[in-house]
Amino acid sequence: MATDRDSVLEAAVGVLSRRPTAHLDEIARAAGISRATLHRIFPGREALIREVGTLGLRRFAAALDTARIEEGDAQAALRRLVDAVVPDAALCAFLAGENQLYDDPGINDLWEVQDARVRALFLRGQQQGVFRIELSAGWLSEAFFDLVAGIGWAVQDGRLAPRDGAFSLAELFLGGALRRPDTP
C-alpha cells in the first residue's frame with residue numbers, strides 16, 4: 001500500500017502544532033504508518049519539520065493569493081484573508097510554535113515575502129483610514145498571524161468549533177484593529 005506524503009504531513013501538523021517536541025513514533029502513529037515508513041518518506045526529524053514548514057508557508061501564500069489582498073478596500077481584503085487562511089490555522093499554529101524553522105534561511109525568506117504582503121495590506125488600510133495608525137503595520141501583521149495560530153490551537157483542543165473560526169478571528173481582530181472615529 002502506497003503512503004500519501006500529504007496525509008503524513010497533515011498528521012504531522014496535527015501532532016507538532018500542539019507538541020513541537022513530539023517523537024517521530026507519535027507522528028508515525030498519528031499518520032497510521034510505522035516509524036520505518038516515516039523514515040523512508042522523510043530521512044529525519046529536521047527534514048520533516050522543514051517540509052511541514054514549507055507546506056505551511058505555501059498554503060499561507062495560496063491564502064494570500066485567493067484573498068486577493070492587494071485589491072480593493074483593506075477591511076474587505078482582510079475579511080477575505082480570514083476566510084482563506086482559517087482552514088489552515090493549524091499550520092499557522094505549527095509555524096508560530098516551531099522555532100527550529102527560524103534557523104533555515106530559505107524558510108525565513110519565504111516568510112518575509114508573505115509577511116511583507118500582509119504588512120502592505122495593513123499599511124494600505126491605515127492610509128485608507130480603516131485601520132488604527134497608532135499600531136504599526138508590522139505589529140498588526142504579527143498580531144494577525146498569532147491570532148490565526150490561536151484559532152488553530154483552539155479548534156484542535158475543542159475550545160472553538162471549526163465553523164466559528166473565521167467569525168471569531170475577524171470579530172476579535174477587527175474589533176481591536178479598526179480605527180475608532182474619536183482617535184487621531
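None of the values given here were measured: they were computed from a predicted structure.

## Side note on the packing of helix H4 (residues 45–67) against helix H6 (residues 89–97)
And then number 1: Packing of H4 against H6 leaves a shortest axis separation of 9 Å and a crossing angle of 125 degrees. It follows from the interaxial angle that H4 and H6 lie oblique. The chirality of how H4 crosses H6 is left-handed. Of the residues in H6, those in contact with Ile49, Val52, Gly53, Leu55, Gly56, Leu57, Arg59 and Phe60 of H4 are Leu91, Cys92, Phe94 and Leu95.
And then number 2: Of the residues assigned to the contact of H4 with H6, the class counts are nine nonpolar, two polar and one charged.

## Here's the deal with the layout of surface pockets
And then number 1: There is about 210 Å³ of room inside the largest pocket.
And then number 2: Every residue lining the largest pocket is listed: Leu57, Leu95, Ala96, Leu101, Tyr102, Ile107, Asn108, Trp111, Glu142, Phe145 and Asp146.
And then number 3: At the level of elements, H6, helix H7 (105–127) and helix H8 (137–156) are the ones that each hand at least two residues to the lining of the largest pocket.
And then number 4: What lines the second largest pocket is a set of 13 residues, among which Val86, Pro87, Asp88, Ala89 and Ala90 lie closest to the centre.
And then number 5: Of all the secondary structure elements, the ones that give two or more residues to the lining of the second largest pocket are helix H1 (5–16), H6 and H8.

## Comments concerning the confidence of the model for the protein
And then number 1: Confidence in the prediction of the protein, expressed as mean pLDDT, is 90, and 95% of residues score 70 or more.
And then number 2: Predicted confidence in the protein is weakest over helix H9 (residues 165–177), with a mean pLDDT of 88, and strongest over helix H5 (residues 74–85), with 97.

About the cut-offs
- Residues numbered from 1 in each chain as written.
- Predicted model: local features only at pLDDT ≥ 70, side-chain atom pairs only at ≥ 80, totals over all residues.
- Heavy atoms only, no water.
- Axes fitted to C-alpha atoms, helices over the stretch in contact; angles between N-to-C directions.
- Helix = DSSP H or I, 4+ residues; strand = E, 2+ residues; numbered from the N terminus.
- Parallel < 35°, antiparallel > 145°, perpendicular 65-115°, else oblique.
- Left-handed = near helix turned anticlockwise from the far one by under 90°.
- Contact = heavy atoms within 4.5 Å.
- Nonpolar A, V, L, I, M, F, W, Y, C, P; charged D, E, K, R; others polar.
- 1 Å grid on protein atoms, 1.4 Å probe; cavity = no way out; pocket = protein on both sides within 12 Å on 5 of 7 lines; lining within 4 Å.
- Points joined across faces, edges and corners; volume = space filled by probe spheres on them.
- pLDDT = per-residue confidence, 0-100.

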